[in-house]
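What follows is each chain in one-letter form.
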Amino acid sequence: MMKKIKLKMLGDERGSMVVLESNTSVPFEIKRVYYIFDTKNNVSRGFHAHKELRQLAVCVSGSCRLLLDDGKSKKNIILNNPSEGLLIGNLIWREMHDFSSDCVLMVLANEYYDELDYIRDYEKFKEIINNK
Ligand code: T46
């Protein structure tokens, strides 16, 4: 599952604000937050899927492109709006490309970090999808 969601803006004359809460604006219990920034020129990241992990990615500054692949089709999604979130379910291969120099990509996750949840080999990912 992959889906862009609109995040509610709480703006007033002073500026803008977005609030993220477990089980309301974010459709899971948030256990971990990390953010990726200062990505060097022409560097791509990701190149893995997760067995179980579900995440919400928000580009709070700048822009980047995510290539998401459910094993059947691939989609390129541009993130460049802090009031938009991208839900990335389990068993989705993801690659992150075209980071702008000011990109800050914040990711909320429903589980703690666990290297055993990563599928870092594309052929293994395809095999798991095909045996589902
Ligand atoms: C994802 C995409 C969108 C930790 O020790 N704890 C953590 O919570 C995370 C996220 C990473 N790490 C370690 C694991 C690696 O040694 O930090 C190093 C860099 O992680 P990685 O190479 O997996 O980073 P990305 O940018 O390729 O992928 C990250 C997330 O790991 C991943 O879950 O979905 O962002």
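Keep in mind that this is a model prediction, so the values were computed, not measured. (Residues numbered from 1 in each chain as written. Predicted model: local features only at pLDDT ≥ 70, side-chain atom pairs only at ≥ 80, totals over all residues. Heavy atoms only, no water.)

Asker: Run through the sheet that holds strand β2 (residues 32-37), naming residues and quoting values.
Answerer: Strand pairing in a sheet relies on backbone hydrogen bonds, with the paired strands running either antiparallel or parallel. Taken together, the 5 strands give an open sheet; going across it, the order is β1-β7-β4-β9-β2, and neighbouring strands pair in antiparallel fashion. Both outer strands of the open sheet, β1 (2-6) and β2, are each paired with one neighbouring strand and no more. Pairs of neighbouring strands in the sheet enclose a mean axial angle of 25°, with direction left out of account. As paired strands, strand β4 (residues 55-61) and strand β9 (residues 104-109) are joined by 6 bridges and run antiparallel to one another. Across the sheet, the residue bridging to Leu56 is Leu108, located in β9. (Pairing = 2+ DSSP bridges. Helix = DSSP H or I, 4+ residues; strand = E, 2+ residues; numbered from the N terminus. Axes fitted to C-alpha atoms, helices over the stretch in contact; angles between N-to-C directions.)

Asker: Kindly report on unusual backbone geometry, identifying the contributing residues and their values.
Answerer: Here Asp38, not a glycine, exhibits a phi torsion of approximately 60°, which is positive. Within the secondary structure, Asp38 is located in the loop between β2 and β3 (45-50). Phi at Phe47 is positive, roughly 65°, even though this residue is not glycine. Its place among the elements puts Phe47 in strand β3. Taking the relative accessible area as the measure of exposure, Phe47 reaches 34% and is therefore partly exposed. (Buried < 20%, exposed > 50% of the residue type's maximum accessible area, 1.4 Å probe, protein only.)

Asker: Can you break down the side chain of Asn110 residue by residue, with the values?
Answerer: Summarising the element assignment, Asn110 is placed in the loop between β9 and β10 (118-119). Its relative accessible area of 15% is what places Asn110 among the buried residues. Leaving out residues up to four positions away in the same chain, Asn110 has contacts with Phe28, Glu29, Lys31, Leu53 and Arg54. (Contact = heavy atoms within 4.5 Å.)

Asker: Which residues make up the side chain of His48, and what are the values?
Answerer: Residue placement: His48 occurs in strand β3. The exposure class assigned to His48 is buried, which follows from its relative accessible area of 10%. Among the polar contacts listed, one links the side chain of His48 to the backbone oxygen of Gly46, at a separation of 3.1 Å. Ignoring any residue separated from it by four or fewer positions in sequence, one finds His48 in contact with Ile92, Trp93, Arg94, Tyr118, Ile119 and Arg120. (Polar contact = N/O pair within 3.5 Å; in protein donor to acceptor, adjacent residues only side chain to side chain.)

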